[in-house]
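Observations on the three-dimensional arrangement
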Amino acid sequence: TIELFDSSELSTLLTESKRKIIDPFLPAGSKAFLAAWQGNYKSTMMVNVAVAIRNGLPLFGRFDTTQSRVLYVDRENPPYLAHQRIEKITRGLNGLRGGIKFQFPKEKPDLAHPKVREAYIQIIEKEKIDLVIFDSFLCFFNLRNENDNTEVRNVLELVSEIPARTGAAILFIDHASKASPEKQKAGIKVTPRGAGAKGDWADLVMTLEERDDEARKLRVLRFPKTRFNVGMPGLVLEVRPD
């Protein structure tokens, strides 16, 4: 059956508007990528994001957040490193240390497998999770070729089941690829590694790149794609000891 709706009737299809976990660019139920080169503090930044969201604090002092529950699934970093980051960041933000759920899978959880997705869906629903951070992308799939757009898009479409069923937003941290000469000429330094299907699938794509400074550790956070709001300028962030 094909059901048609007149444009005047579209309002009848709307449920309540999706709340913004981070206003304006990360609503509930959305799908996101953050890409950066190795050692550029992408995991540290996402722990910072998790702490801000957990405590309902303005992110980077600029973006309002809705106090939400976060699950951080970490196959990239050992628990002691996550502990150090949480300790420093919660002190620096004057936030609560607890309330962020961590999982450190000992074996690769292939999100293309229905039983693995079902396990995460159940824990998300049980713990009432609002945002799931997967660190990092290749740790959660058994891909034959990361540069194959069809293969990557197929597995990501399977992952879409998680936000569709739970209403939680999901974010993949990803390693960036070296920019092609064409991208460098266009001023594009950082993109998610591999297939362009990642950007096509995601509602939000962020990149983090290093900016030279003699005395400080500066990074530029860019927003190449924001589906739910107008385009945003890049932000210069300082990585401080706290």
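As a reminder, the structure under discussion sits directly above these lines.
Attention here is on the structure that accompanies the text. Here the structure is a predicted model, which means the values were calculated and not measured. (Residues numbered from 1 in each chain as written. Predicted model: local features only at pLDDT ≥ 70, side-chain atom pairs only at ≥ 80, totals over all residues. Heavy atoms only, no water.)

Focus on the overall build of the protein
Secondary structure assignment for the protein yields 7 helices and 11 strands. The C-alpha radius of gyration of the protein comes to 18 Å, within 12% of the 18 Å expected for a compact globule of 242 residues. The dimensions of the protein, computed from C-alpha atoms along their principal axes, are 65 × 45 × 40 Å. Classification of the 242 residues of the protein by burial places 45% in the buried group. Considering only residue pairs separated by 6 or more positions, the protein has 67% of its internal contacts joining residues 24 or more positions apart. Positive and negative charge centroids in the protein, built from 37 and 32 side chains respectively, lie 4 Å apart. (Helix = DSSP H or I, 4+ residues; strand = E, 2+ residues; numbered from the N terminus. Rg over C-alpha atoms; globule rule 2.2 N^0.38 Å. Buried < 20%, exposed > 50% of the residue type's maximum accessible area, 1.4 Å probe, protein only. Contact = heavy atoms within 4.5 Å. Lys, Arg positive; Asp, Glu negative; His and termini not counted. Charge placed at Lys NZ, Arg CZ, Asp CG, Glu CD.)

With respect to the pattern of salt bridges
Pairs may arise between side chains of opposite charge once their charged atoms sit close together. Tallied over the entire structure, the rule returns 15 salt bridges. Between Glu 157 and Arg 153 there is a salt bridge whose closest N-O contact spans 2.7 Å. Residue Glu 157 and its partner Arg 153 are both found in helix α4 (residues 149–159); the two are separated by 4 residues, about one turn of the helix. Look at Glu 157 and you get partly exposed, because its relative accessible area is 37%. By relative accessible area, Arg 153 is classed as partly exposed at 30%. Its salt-bridge partner being Arg 222, residue Glu 209 comes within 3.2 Å of it at the nearest N-O pair. On the criterion of sequence distance, the pair formed by Glu 209 in strand β9 (residues 204–211) and Arg 222 in strand β10 (residues 218–226) is long-range, its members being 13 residues apart. Several salt bridges share partner residues, and in doing so they unite Arg 117, Glu 118, Glu 161 and Arg 165 into one network. (Salt bridge = Lys/Arg side-chain N within 4 Å of Asp/Glu carboxyl O.)

With respect to the packing of aromatic side chains
Taken as a whole, this structure holds 14 aromatic pairs when the rule is applied. Taking the centre distance of 5.8 Å and the plane angle of 45° together, the rings of Phe 141 and Phe 172 count as tilted. Here Phe 172 lies in strand β7 (residues 169–177) and Phe 141 lies in the loop between β6 (131–135) and α4, a separation of 31 residues in the sequence. An identical accessibility class is assigned to Phe 141 and Phe 172; each is buried. (Phe/Tyr/Trp six-rings, centres within 6.5 Å; stacked < 30°, edge-to-face > 60°.)

Observations regarding the environment of Ile 86
With respect to the helices and strands, Ile 86 occurs in helix α2 (residues 79–93). The exposure class assigned to Ile 86 is buried, which follows from its relative accessible area of 7%. Sequence-wise, Ile 86 and Leu 96 are 10 residues apart; in three dimensions their C-alpha atoms are separated by 9.7 Å. If we skip the residues at most four places from it in the chain, Ile 86 touches Val 47, Val 51, Arg 97, Ile 100 and Phe 102.

Quick notes on a nonpolar patch on the surface
Together, Phe 5, Leu 10 and Leu 13 give the surface a local cluster of nonpolar side chains, amounting to about 270 Å² of exposed area. When you line up the elements, Leu 10 lands in the segment before β1 (20–22). (Patch = residues over 30% accessible without salt bridge, like charges linked within 9 Å, V, L, I, M, F, W, Y side chains within 5 Å. Areas by Shrake-Rupley, 256 points an atom, 1.4 Å probe, with all protein chains shown as cover.)

Observations regarding the nonpolar core
Taken as a class, soluble globular proteins show a tendency for nonpolar side chains to be buried jointly. In terms of nonpolar packing, the biggest core is built from 35 residues, with Ile 22, Phe 25, Leu 26, Met 46, Leu 131, Ile 133 and Leu 171 touching the most fellow members. The element best represented in this core is helix α1 (residues 42–55), accounting for 8 residues. Residues contacting Leu 131, with those up to four places away along its chain left out, are Ile 21, Leu 26, Ile 53, Arg 69, Val 70, Leu 71, Ala 168, Ala 169, Ile 170 and Leu 171. Listed in part, the 28 residues of the second largest apolar core include Ile 162, Ala 168, Ile 170 and Ala 195. (Core = buried A, V, L, I, M, F, W, Y, C linked by side-chain atoms within 4.5 Å.)

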